[in-house]
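Each chain, written out:
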Amino acid sequence: MTKRLILTRHAKSSWDDPNIPDHDRPLNDRGKAAAADLGDWLASRGYIPQQVLCSDALRTRNTWSGIAPALPGNPILELKPALYNAGPDVMLAVLRHAREDTVMMIGHNPGIAEFANRLVASDPLHPEFHRYPTGATLVAEFAISSWAEAGFGMAAVLDFIVPRELAD
């Protein structure tokens, strides 16, 4: 049996108001467009999450809100405060409690970049993978029967994309 993870860094956020706390920053217009493009890309490839584990920050929630309309079905959305600026160990702990076969996780750098790098057995041949820019999305599979078995170095890369590749 396999499990599939869609690992997305939030789309581009707004820095227009320096008085807004980091947790409450929304997406900017470019980020909103990128999130919609990511939703279209995921749907076109058949990468459809059944469960979404999302940081409770506004920009991650906005990213999901931009992606969701393009996807069929009604995935279970779970806001996870622990994912806000989480490191790889916390992200793995959250993932190990997932219940569905295809899970999307939406989080933040620098933790999500390190998490992605540590999860995969072999890096994708993509120049932006290690940097994991805003909106970067990894699709990976694990040869496991339960998320509780997930560990670092176990994921096989199926796909990796950054939004600027979709904007054309």
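For clarity, every value in this text was computed on a predicted model and none was experimentally measured.

Take the pairing of strand β3 (residues 76-80) next. Looking down a regular strand, the side chains alternate between one sheet face and the other. Sheet analysis places strand β2 (residues 51-55) next to β3, joined by 5 bridges and oriented parallel. By the bridge assignment for β3, cysteine 54 is matched with leucine 79. Note that the unit made of β2, helix α2 (residues 58-67) and β3 has a crossover that is right-handed.

Looking now at the layout of surface pockets. Quantified by volume, the largest pocket comes out at close to 250 Å³. Considering the residues around the largest pocket, the lining is formed by 15 residues, among which Arg30, Ala34, Thr134, Pro163 and Arg164 are closest to the centre. For the lining of the largest pocket, the leading source of residues is helix α1 (residues 29-45), giving 5 residues. A class-by-class count of the residues in the lining of the largest pocket yields 7 nonpolar, 2 polar and 6 charged.

In this section: helix α3 (residues 88-95). All of the buried residues along α3 are Pro88, Met91, Leu92, Val94 and Leu95. Down the axis of α3, the sector holding all buried residues measures 160°, keeping them to one side. Tucked inside the fold, the buried residues of α3 contact β1 (3-9), β2, β3, β4 (102-107) and α4 (111-119).

Moving on, we get to the packing of α1 against α2. To characterise two packed helices, one gives the angle between the axes of the helices and the distance between these axes. In contact at an axis separation of 7 Å, α1 and α2 are set at 50° when each is read in the N-to-C sense. Here α1 is positioned oblique relative to α2, judged by the angle of their axes. Seen along the crossing, α1 lies across α2 with a hand that is right-handed. Here Ala35, Ala36, Leu38, Gly39 and Leu42 of α1 come into contact with α2, specifically with Thr63, Gly66 and Ile67.

Side chains of a nonpolar character, in soluble globular proteins, are inclined to be buried together. Grouped together as the largest cluster of nonpolar side chains are 30 residues, with contacts concentrated most on Leu5, Leu7, Met105, Phe115, Tyr132, Leu138 and Trp147. Looking at this core, the elements with two or more residues in it are β1, α3, β4, α4 and β5 (137-142). When residues in this core are grouped by element, the largest group, 5 residues, is from α4. Beyond its immediate chain neighbours, meaning those up to four positions away, phenylalanine 115 contacts Leu5, Leu7, Pro88, Met91, Leu92, Leu95, Met105 and Phe152. Core analysis: the next-biggest nonpolar cluster, separate from the first, contains 15 residues, Trp41, Val52, Trp64 and Val139 among them.

Glancing now at the environment of isoleucine 112. Within the secondary structure layout, isoleucine 112 lies in helix α4. Along the chain, isoleucine 112 and histidine 10 lie 102 residues apart, while their C-alpha atoms are 9.9 Å from each other. With near-sequence residues (within four places) excluded, isoleucine 112 lies in contact with Leu7, Thr8, Arg9, Met91, Gly107 and Tyr132.

Looking now at the packing of aromatic side chains. All chains considered together, the criterion is met by 6 aromatic pairs. Centroid distance phenylalanine 115 to phenylalanine 152: 6.3 Å. Interplanar angle 80°. Geometry classified as edge-to-face. One end of the pair, phenylalanine 115, is in helix α4; the other, phenylalanine 152, is in the loop between β5 and β6 (156-161), with 37 residues separating them in the sequence. For phenylalanine 115, a relative accessible area of 0% corresponds to the buried category. Accessibility expressed as a relative area gives 27% for phenylalanine 152, which makes it partly exposed. Within the aromatic cluster, the residues linked to one another by ring pairs are Phe129, Tyr132 and Phe160. Positioned above the aromatic ring of tryptophan 15 is the side chain of arginine 25, whose terminal nitrogen or guanidinium carbon lies 3.7 Å from the ring centre. Between arginine 118 and the ring centre of phenylalanine 152, over which it is positioned, the NZ or CZ distance is 4.0 Å.

Parameters at a glance
Throughout this description, residue numbers start from 1 for each chain and increase along the sequence as written. A pLDDT threshold of at least 70 governs which residues receive local features in this predicted model, and a stricter bar of 80 or more applies before side-chain atom pairs are shown or counted, although totals over entire chains, interfaces and linings include all residues. Excluding hydrogens and water, the side-chain values take into account all heavy atoms of the structure. Strands qualify as paired when DSSP identifies two bridges or more between them. Strands are runs of DSSP state E lasting at least 2 residues, helices are runs of H or I lasting at least 4, and numbering of each runs from the N terminus. Handedness of a crossover is defined as follows: orient the strands so they point away from the viewer, and if the path from the first strand over the helix to the second runs clockwise, the crossover is right-handed. Using only the protein atoms, space was sampled on a 1 Å grid; points where a 1.4 Å probe fits but cannot get out form cavities, open sets with protein on both sides within 12 Å along at least five of seven lines form pockets, and lining residues are those with an atom within 4 Å of a point. Grid points are joined across faces, edges and corners, and a volume is the space filled by probe spheres set on the points. Gly falls in the polar group here, along with every residue not listed as nonpolar (Ala, Val, Leu, Ile, Met, Phe, Trp, Tyr, Cys, Pro) or charged (Asp, Glu, Lys, Arg). Residue burial is assigned from relative accessible area. The probe radius is 1.4 Å, only protein chains are included, and a residue is buried under 20% of its type maximum, exposed over 50%, and partly exposed in between. Directions pointing from the helix axis toward each C-beta atom define the arc. Any two residues whose heavy atoms approach within 4.5 Å at even a single point are treated as in contact. Orientation is described by lines fitted to C-alpha atoms, with helices fitted over the stretch in contact, and by angles between N-to-C directions that extend from 0 to 180 degrees. The labels follow the angle: roughly parallel below 35 degrees, roughly antiparallel above 145, roughly perpendicular from 65 to 115, and oblique for the rest. Crossing handedness is read from the near helix: turned anticlockwise from the far helix by less than a right angle, it gives a left-handed crossing, and turned clockwise, a right-handed one. Buried Ala, Val, Leu, Ile, Met, Phe, Trp, Tyr and Cys residues form a nonpolar core when they are joined through side-chain atoms within 4.5 Å. Only rings of Phe, Tyr and Trp enter the pairing, Trp through its six-membered ring, and a pair is recorded when the two centres are within 6.5 Å. The plane angle decides the type: under 30 degrees is stacked, over 60 is edge-to-face, the rest tilted. Look at NZ for Lys and CZ for Arg. If either is within 6 Å of the ring centre and within 35 degrees of the ring normal, a charge sits over the ring.

Note that every value here comes from positions in space, so none of it alone points to a role or purpose.
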